[in-house]
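A look at the structure
Letter by letter, the chains look like this.
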Amino acid sequence: MRWIKRVLQLLALLGVVALVAAWIYSRRVLPQIDGTLALPGLQAELRIERDDNGIPTIQAGNQHDLMFGLGVAHAQDRLWQLETHRRIGAGQIAEAFGPAALDSDKFLRTLGVRRAAEAQWAQTTGEAREALQAYSDGINAVLQQGLKARPPEFVILGLQPQQWTPVDSLAWSIMMAWDLGGNWGTELLRLRLALKMDKSQIDQLLPPYPGEMPLPAQDYAALYRGLKLDAHVATSDTALNRLLAAAPESGIEGVGSNNWVLAGSRSSTGKPLLANDPHLKLSAPALWYFARLEAPGFKAAGATLPGVPGVVLGQNEHLAWGFTNTGPDVQDLYLERIKPDDAAMYQTPEGWSRFETRQETIRVRGQPDVTITVRQSRHGPVISDAGLADDVLGAKGKPGYVLAMRWTALDAETDQIAAGFRMSRAKTVAEFIEASRGWIAPMQNMVVADDQGHIGLVAPGRVPLRAPDNDLHGLAPAPGWEARYDWTGWLPWEALPKWIDPDKGYLASANQRIVPADYPHFISSTWALPYRQQRIEQLLDAKPKHSPTDLRAMQADVTSLAVPGGLKWLRKARSTHALAAAAQKQLAGFEGRMADNAAAPLIYWAWQRQMSQVILGDDLAALNDRAIGGRSFFDAIEGVLARDDAAWCDDRRTPAAETCAQQVDAAFTAALDELQALQGPDPAAWRWGRAHQARAEHRPFSNVKALARFFELRAPVGGDTYTINVSRVNLKADSRTGEFYLDEHGPSLRAVYDLGDSRNSGFMHSSGQSGIPWSPLYRNFLPRWAAVEYVPVWPQGAPDAVLIVTPAAK
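Residues numbered from 1 in each chain as written. Predicted model: local features only at pLDDT ≥ 70, side-chain atom pairs only at ≥ 80, totals over all residues. Heavy atoms only, no water.

Turning our eyes to something else, we now look at the state of the cysteines. Defined simply, a disulfide is a covalent bond joining two cysteines at their sulfur atoms. This structure, assessed with the given rule, holds one disulfide. Cys 649 shares a disulfide with Cys 660; S-S distance 2.0 Å. Between Cys 649 and Cys 660 the disulfide shows an S-S torsion of about 95°. By sign, it is right-handed. Residue Cys 649 is located in helix H21 (residues 646-649), and its partner Cys 660 is located in helix H22 (residues 660-679); the two are separated by 11 residues in the primary sequence. (Disulfide = S-S within 2.5 Å. Helix = DSSP H or I, 4+ residues; strand = E, 2+ residues; numbered from the N terminus.)

The structure is reproduced here in structure tokens:
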């Protein structure tokens, strides 16, 4: 018995030691935020003051040290986030996460993100080159001498942080452009639909912008049939689906932004006011990191991106600026015809040409390295196989065609970082607009205001010109051997959309069509539906002057102007379901206010989800969720109901000929069944926010059930895909939990800037400044973000902690 007692004592001692070690680790992994820290690579003393929210004010004697200091702050607070950004840009995810990430690496290597970044770095000069290098040196100095313990993700996965390089920053910039793009996915969807239905049907399923006619494009459905593309491309069990699944998400419906700017004549302060809330994928920690940067001749505060030097969105001493996505068509897919007797060659307008090829070796955790051959045509990377399979567009083993992508963000000639610095230093609206000349991708609607009272909007970016005889307009993959589908140049900067000091006293954008109908140049055919823009204008026009408080209330607005069109059908729905009358009672008086504590928004969106099934299920059954690009087909269903279109409403899988009214009733009944199972038998107790939760994903531990609750962030929210306070409604079941209606894309940050008194400027992002889950600063912003509250942009009062960084002795 004595030995049992000793074993128990030993186990108890080991438990105590483990607890002490865990406590010591939990303290050591937190960054040093006060005292003195000596780091190599610094030119002079640097001061980092943090407030009680962990927002640093970085004070340096020169620009080099300022960017070095930002790299230090990012490495201290977001080291794992930097590591994931680096691995994504380099296509090295499988090395950390294992075989499940291999296909993603294959796609990223095939796309050539890091290869493009290397080419961009090779031609980067001047201030941008110095800033990228100083920022990288700051990160690496922390790795070398300022890191007492690795963040938990490194420990759990058994990884060591890797050195950061300027190429990693440029690669992450390209990935941000990818996130905001997505035309390639729409082109692929049209290709697949064209093998199943007529072009006129596709135009109804993917309708043009409200009030416009479809672009006068050639019948690409007939084109693809004439090329004898294999019809299996249109089914779900194809290499094309594997390609779509491997690619990082892009062009997701609901990813966009709002911004608006008021002149002093429309402001209660007599000076301009500016509001901005970019809508992006919610993550834990947040995509953004707030910082204040000060050096001789420069002072700016706002949102920075871990991985990229500088303030992306924010305010300086004279000016404030904010972005929304323009959504230009800067990605074109090309069908490259393979030479029948030599698969290494493809057809061009001048004859047969050989693909450029290179080998890419991918390290895979727990498995042997994988080597793939990457091909490139004259248009760009051949993305169709991505090392996954060779039957994307034809018979396995001998495809007749491959898909190549032309995309502006992969071009080497870019001045993106330098343009960003010039804009953040501008003192006037005119200077800011002029500074935007070097901006390449992603094309953004940039609103700006200065303390002299001027306001403006400019949409800079590289927009391709297409030949007059290009009869596809970038809508669908084009024959790569016909020169008429090649880009012919770029839209001149002078011709890009711009406005300064309009008579109405404000400018606003919400990813809607920003150019008038008579604008002579083609920018896009995939503008966002205009409901958010209409609501912004509705509220701005409701009163002659607005205060900063008014703009914050607008950012909290959850009235959806998209609701009335479908609501009139839903109110007429009939059902024998026992809960039908009670549910209709909840809809009484509902006009589209998507409050999280109400039942009506939940009933409405459950019905919309079921409508997509009963109206489109027979036509889209062969396409998986990823293949349809995360679409709700809201505008298509709205058009079907507006036309009372019997052809779409009939379910061809049944012998009966269903009418639209019958399908409305069927969708209502199915929605009631769903909600009864989800939230119980009393519709009065149903709540939108209980189902519609904002979820900030953690890479990779949202995928690990035992760890997700420690790393992932959640909060119930109101709103929907079309409210100013955006919270995208996901109509497909979550792959991990099976939940519907989750919000994974929303206001990644909100900001309101006062050009008359910067003390009134406020911002908020969706998590907290820290990347360490047990830090109080990991999730402290979340409840305030959900409640649409703000913290000051500029420091107010004494700092909470002060770190003096000095040059380490050589």
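Still more ground to cover, so stick around.
Among the surface-exposed residues, Val 20, Trp 23 and Ile 24 lie close enough to one another that they form a single nonpolar patch of about 310 Å² accessible area. Mapping Ile 24 onto the fold places it in helix H1 (residues 2-28). (Patch = residues over 30% accessible without salt bridge, like charges linked within 9 Å, V, L, I, M, F, W, Y side chains within 5 Å. Areas by Shrake-Rupley, 256 points an atom, 1.4 Å probe, with all protein chains shown as cover. Salt bridge = Lys/Arg side-chain N within 4 Å of Asp/Glu carboxyl O.)

To continue, consider the side chain of Glu 336. Of note, Glu 336 is situated in strand S10 (residues 331-339). Arg 378 provides the closest opposite charge to the buried, salt-bridge-free Glu 336, at an N-O distance of 5.4 Å. Apart from the residues lying within four places of it in its own chain, the contact partners of Glu 336 are Tyr 346, Gln 347, Ser 377, His 379, Gly 400, Tyr 401, Val 402, Ala 404, Gly 480 and Trp 481. (Buried < 20%, exposed > 50% of the residue type's maximum accessible area, 1.4 Å probe, protein only. Lys, Arg positive; Asp, Glu negative; His and termini not counted. Contact = heavy atoms within 4.5 Å.)

Here we take up the sheet that holds strand S8 (residues 313-316). If you trace the 11 strands from one edge of the open sheet to the other, you get S1-S29-S2-S3-S6-S7-S8-S9-S16-S17-S21, paired in mixed fashion. At either end of the open sheet lies a strand with only one pairing partner, and these are strand S1 (35-39) and strand S21 (498-500). Direction aside, the axes of adjacent strands within the sheet are offset by 15° on average. Taken together, the seven bridges between strand S6 (residues 289-295) and strand S7 (residues 298-304) define a ladder with antiparallel strand orientation. Along S7, the bridge assignment pairs Glu 294 with Lys 299. Running over the sheet, helix H2 (residues 63-90) touches S1, strand S2 (46-50), strand S3 (56-59), S6, S7 and strand S29 (801-807) and is turned about 155° from S6. (Pairing = 2+ DSSP bridges. Axes fitted to C-alpha atoms, helices over the stretch in contact; angles between N-to-C directions.)

A pair can form between side chains of opposite charge whenever their charged atoms are brought close. Tallied over the entire structure, the rule returns 41 salt bridges. In this structure, Arg 466 engages Asp 329 in a salt bridge whose closest nitrogen and oxygen atoms are separated by 3.4 Å. Here Asp 329 lies in the loop between strand S9 (319-325) and S10 and Arg 466 lies in strand S18 (residues 464-466), a separation of 137 residues in the sequence. There is no split in this pair, since Arg 466 and Asp 329 are both buried. Across the salt bridge formed by Asp 557 and Arg 535, the nearest N and O atoms sit 2.9 Å from each other. Of this pair, Asp 557 sits in the loop between helix H16 (548-555) and helix H17 (563-570) while Arg 535 sits in helix H15 (residues 531-540), placing them 22 residues apart in sequence. For the pair Asp 557 and Arg 535, a shared accessibility class is recorded, and that class is buried. Taken together, the shared-partner salt bridges connect Lys 281, Glu 697, Glu 712, Arg 714, Arg 736 and Glu 739 into one network.

If you check which residues of H16 are buried, you get Pro 548, Leu 551, Met 554 and Gln 555. Projected down its long axis, H16 carries its buried residues within an arc of 115°, all on one side. (Arc of directions from axis to C-beta.)

Turning to the pairing of S8, a few remarks are in order. Burial of S8 is two-sided: the residues Leu 313 and Gln 315 facing one way and the residues Gly 314 and Asn 316 facing the other way are all buried. Here four bridges tie S7 to S8, and the two strands are oriented antiparallel to one another. Within S8, the position partnered with Ala 303 by the bridge is Leu 313. Relative to S9, S8 runs antiparallel, the two being bridged by two bridges. Residue pairing for S9: Gly 314 is matched across the bridge by Trp 321. The antiparallel hairpin formed by S8 and S9 contains two residues in its connecting segment.

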